[in-house]
Amino acid sequence: CLSCRSSAFSGTEFQLVTAELTSSEVEQYDAAAQLWVDLRQHIELLKDADMLGDGRGIEALFWATQQRFFKGLLVAAKVAKAVRLAKDAASNNEAVVLSLWTTNEAAITRAGIYDSFASGPELAFEQFLQHLPTSKGGKDIPRVAEGHESLLKRVRDLKLPPNPLDALIDQLGGPSCVAEMSGRSQRSFKDPSTKEVKRQLRKVRGTGAARGAAGALSVNVAEQRAFQSGAKHFAVITEAASAGISLHSDRREVKGGATPRRRHMICLELPWAADKAVQQLGRVHRSNQLHPPKFTCIVTNLAGEARFVSAVAKRLAQLGAMTRGDRHSGFGSRGDVFGFGRMDLMSGPYGPAALSKALADLGLEEKGKASVNLERWPGGWEEFTAVAQMALETQQVSPGRDQDGKTLKRFLNRVLGMSCRLQETLFELLATHVASMEAADRRDGLLNQGVLSLNRGMRWGRLQQVTELMAENLPGALVLRRLCLMRGMDFEEASALLERAPEDQEAMQGFYMRSKHEEVLLVLRRRTRDGQVAYQLVLPHDSPKTQLDGNSCTLAKMKQNSMRRITPDAAKEHWTQQHRLSETQCLHVQRGQNCGNRNCRSGKRFLEETMLTGQVLVHWDFLCALLGEKNSLVRCELNTGAVLVGLVIPQDMVARLRQSILERAEDDEQQNPRERRRRQPDMVELSDSEASQASLSSSSDVQPIVRPKSPKQRRVDSSLVLSSSE
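Residues numbered from 1 in each chain as written. Predicted model: local features only at pLDDT ≥ 70, side-chain atom pairs only at ≥ 80, totals over all residues. Heavy atoms only, no water.

Engineer: Would you mind going over helix α18 (residues 568-581) in detail, with residue names and values included?
Structural biologist: With 14 residues, α18 extends 20 Å from end C-alpha to end C-alpha; this agrees with the ideal 20 Å at 1.5 Å per step. Every buried residue belonging to α18 is among Ala 571, Trp 575, Gln 578, His 579 and Leu 581, and all of these are buried. (Helix = DSSP H or I, 4+ residues; strand = E, 2+ residues; numbered from the N terminus. Expected span 1.5 Å × (residues − 1). Buried < 20%, exposed > 50% of the residue type's maximum accessible area, 1.4 Å probe, protein only.)

Engineer: Describe the environment of Leu 497, naming the residues involved and giving the relevant values.
Structural biologist: Within the element layout of this structure, Leu 497 appears in helix α16 (residues 491-500). Measuring from C-alpha to C-alpha, the distance between Leu 497 and Val 538 comes to 9.5 Å, with 41 residues separating the pair along the chain.

Engineer: Break down unusual backbone geometry for me, citing the residues and quoting the values.
Structural biologist: A positive phi angle, near 70°, is found at Asn 288, a position not held by glycine. For Asn 288, the location among the structural elements is in the loop between α10 (274-281) and β10 (294-300). The phi dihedral of Ala 477 is positive, around 60°, even though this residue is not glycine. Position of Ala 477 among the secondary structure elements: in the loop between β11 (465-474) and β12 (478-486).

Engineer: How would you sum up helix α3 (residues 56-76)? Please name residues and give values.
Structural biologist: Its 21 residues give α3 an end-to-end C-alpha distance of 31 Å, which sits within 8% of 30 Å, the value for a rise of 1.5 Å per residue. In terms of burial, α3 is largely enclosed, as 15 of its 21 residues are buried.

Engineer: I'd love a proper account of the pairing of strand β2 (residues 94-99), names of residues and values included.
Structural biologist: The element β2 is largely enclosed, with a buried count of 6 among its 6 residues. Relative to strand β9 (residues 262-267), β2 is paired through 6 bridges, and the arrangement is parallel. Looking at the pairing, Val 96 lines up with His 264 of β9. Examined bridge by bridge, β2 and strand β8 (residues 234-237) share 4 bridges and lie parallel to one another. Residue pairing for β8: Leu 98 is matched across the bridge by Val 236. (Pairing = 2+ DSSP bridges.)

Engineer: Tell me what's going on with the packing of aromatic side chains, and back it up with residues and numbers.
Structural biologist: Across all of its chains, the model carries 16 aromatic pairs by this definition. Each ring, one from Tyr 29 and one from Phe 70, has its centre 4.9 Å from the other, and the planes form 40°; the classification is tilted. Taken together, the positions of Tyr 29 in helix α2 (residues 23-48) and Phe 70 in helix α3 put the pair 41 residues apart, joining distant regions of the chain. Owing to a relative accessible area of 0%, Phe 70 belongs among the buried residues under this scheme. With centroids separated by 5.2 Å and ring planes inclined at 90°, the aromatic side chains of Trp 36 and Phe 125 adopt a geometry described as edge-to-face. Within this pair, whereas Trp 36 is found in helix α2, its partner Phe 125 is found in helix α6 (residues 120-129), the two being separated by 89 residues in sequence. Phe 125 carries the same exposure label as Trp 36, and that label is buried. (Phe/Tyr/Trp six-rings, centres within 6.5 Å; stacked < 30°, edge-to-face > 60°.)

Engineer: Just give me the short version of the packing of α2 against helix α7 (residues 142-157), but keep the residues and values in it.
Structural biologist: One can describe the packing of α2 onto α7 by two numbers: an axis separation of 11 Å at closest approach and a directional angle of 165°. On the basis of the axis angle, α2 is roughly antiparallel to α7. For the element pair α2 and α7, the recorded crossing hand is left-handed. Residue-level inspection shows Gln 34, Leu 35, Asp 38, Leu 39, His 42, Leu 45 and Leu 46 of α2 in contact with α7, the latter providing Arg 143, Val 144, Gly 147, His 148, Leu 151, Arg 154 and Val 155. A per-class count over the contact of α2 with α7 returns 7 nonpolar, 4 polar and 3 charged. (Axes fitted to C-alpha atoms, helices over the stretch in contact; angles between N-to-C directions. Parallel < 35°, antiparallel > 145°, perpendicular 65-115°, else oblique. Left-handed = near helix turned anticlockwise from the far one by under 90°. Contact = heavy atoms within 4.5 Å. Nonpolar A, V, L, I, M, F, W, Y, C, P; charged D, E, K, R; others polar.)

Engineer: Which residues make up the sheet that holds strand β5 (residues 178-181), and what values go with them?
Structural biologist: One open sheet accounts for 6 strands, arranged β1-β10-β9-β2-β8-β5; its pairing is parallel. Each end of this open sheet is capped by a strand with a single partner; those strands are β1 (13-19) and β5. Geometrically, the sheet is characterised by an average inter-axis angle of 20° between neighbouring strands, direction not taken into account. Relative to β8, β5 is paired through 4 bridges, and the arrangement is parallel. Bridged to Ala 179 within β8 is Ala 235. Docked against the sheet, helix α4 (residues 79-91) engages β1, β2, β8, β9 and β10, running at close to 160° with respect to β2. Across the sheet, helix α8 (residues 164-171) lies against β2, β5 and β8, angled at about 160° from β5, the strand it touches most.

Engineer: Help me get a handle on the pattern of salt bridges, residues and values and all.
Structural biologist: Enumeration according to the criterion identifies 28 salt bridges in this entry. The salt bridge partner of Arg 184 is Asp 166, with a shortest N-O separation of 2.9 Å. In this pair, Arg 184 sits in the loop between β5 and β6 (186-190) while Asp 166 sits in helix α8, placing the two residues 18 residues apart along the sequence. You can call Asp 166 buried: its relative accessible area is 1%. One salt bridge connects Glu 253 with Arg 225, and the closest N-O pair in it is separated by 2.9 Å. Placement of the pair is Glu 253 in the loop between β8 and β9 and Arg 225 in helix α9 (residues 212-228), with a sequence separation of 28 residues. Overlapping salt bridges, with partners in common, bring together Arg 40, Glu 44, Lys 47 and Glu 59 in one network. (Salt bridge = Lys/Arg side-chain N within 4 Å of Asp/Glu carboxyl O.)

Shown next as structure tokens:
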């Protein structure tokens, strides 16, 4: 995991690929969903017959098994797409690693299936049925027994897809072509000559059978060598091989003129935990690699996939800012490495509220404001709502006024047991409400990305842009950067904001003049989450403010204030003058006062700050001891689009920090070279901005970056009332 996080992501590729369900797969899924509905009714029959006691254990097992069943169906539906991608990658001279998380080994072993590729979902259903009684008081209940046998026959008649691990190996050429690294001791394979499916113990060629965990480990090591040496170009890994094993394009494998192939990891199944997902990605992305890897995540077009995507995407987003910027800028601004986008409902704050709105819509006789496609429903909105309400009742998802994260999680779990068309429409309704609320918050500047952002969330307020002035490389893969922070906006941008602003029924929006200092500002109505009428003050020299004279700028405060309303033409001259003067003068000088502080930054549009970036987490204890414990990682987006993550260093600590890092590196080199090498990973790559600066000069550690002649390099986005980085 550390290797994956420490290695730069420059050169890596991430892509999201959709495996469209075929019509037969949709029919199979819908039939399976109806089967689970009938199983639910069978359980209610057992309860009525007092055959389950309090039924709590069966209830929990039912929902867990249903989720595992449909997750298995979704993974199996990706196999065909994964095989095509893997074969295409191999033809492009890539070595392919296919990642799964489960093997279904325990279920197959319990079932004792040795002559066919077993189906994980089918075994899960059958083994759940074994927990249900068919008799009471030692006497068989005919109706119950018949229902039990009927359910068992129906699940077998569905012809559910085989175990994905066995199917992948078989379709990619069998064990002789595919390196399997898993925790299972046995596997099913198809005999090339007879085409019969047989069960065999996994073993290292030329040795006895591998038994137990130690045996599986030795087989995995042998399979790893076969893959790394180029003897096999396909590998399948599961949870057991998702940590502590290297499958990267190792430059040490260069021999005889042949170079290792680029690695291409294809993810069919995401683990529940984000740190395990990063561990999994790190198998093919490690130091000393010859080629950066390519990552492909396969998802189905079924709405139920959102449950598994959300679980990991939320944790990835919370894992830490170091996975979202600086050398890891490939992860994107929200940690959304593959672009899951609308499939992720749990990373933000909108999911529960959107669910409340969606469930409320289902009670309406006519379609509400949310736009959904009703082509799948011949009976229109009325048919959709009737089917949805019945399905929600069956899945025990109760509509309520206030939904929380647990309710959203339950909804996403239970939606798996609904038909494909119902899932799609419900998800579309839910996603529409999420998008609507997110757009409203983005427009009004209330969008919270959950990351401490230098651009918009710190003491400087919301910045127009950040420019890098200087970068100084320090030992330990650290970089000290000098940044220029730009605030305020010119008159044209302010006028455009006013023109685009929604209508204010209170008629308070517009340009105002503060009489005392003849300073102009723009007042815009903003939306608050509590529904109160409030305003925002846009300034020519500073970030937008929500307070007026120390208090929240409400409607009452605006009416009591002595500011006078002026026309845009009258405001233009004053605005332009203050915008120009604030580039070099503090607010006191602008007002004609004597300011004795040569370093006064009050009211200046351009501020300079120092930021330490690079492998900050590696040196975290040392930095906390030097700078104090109260430090937070800060994310910063430059005007070039590059993302930095690091620590903002107080100006009076810069020289001390630099000296301490240099002295520490010198002491390490003299006293313990091995420890120094441990702190400095084998492969240290610079970010794009660092690399471009390093090419300017090889004789100095400090590379100046030319400040743009005009600070207005990039026009503020049309949605910028508060931030352009949202």
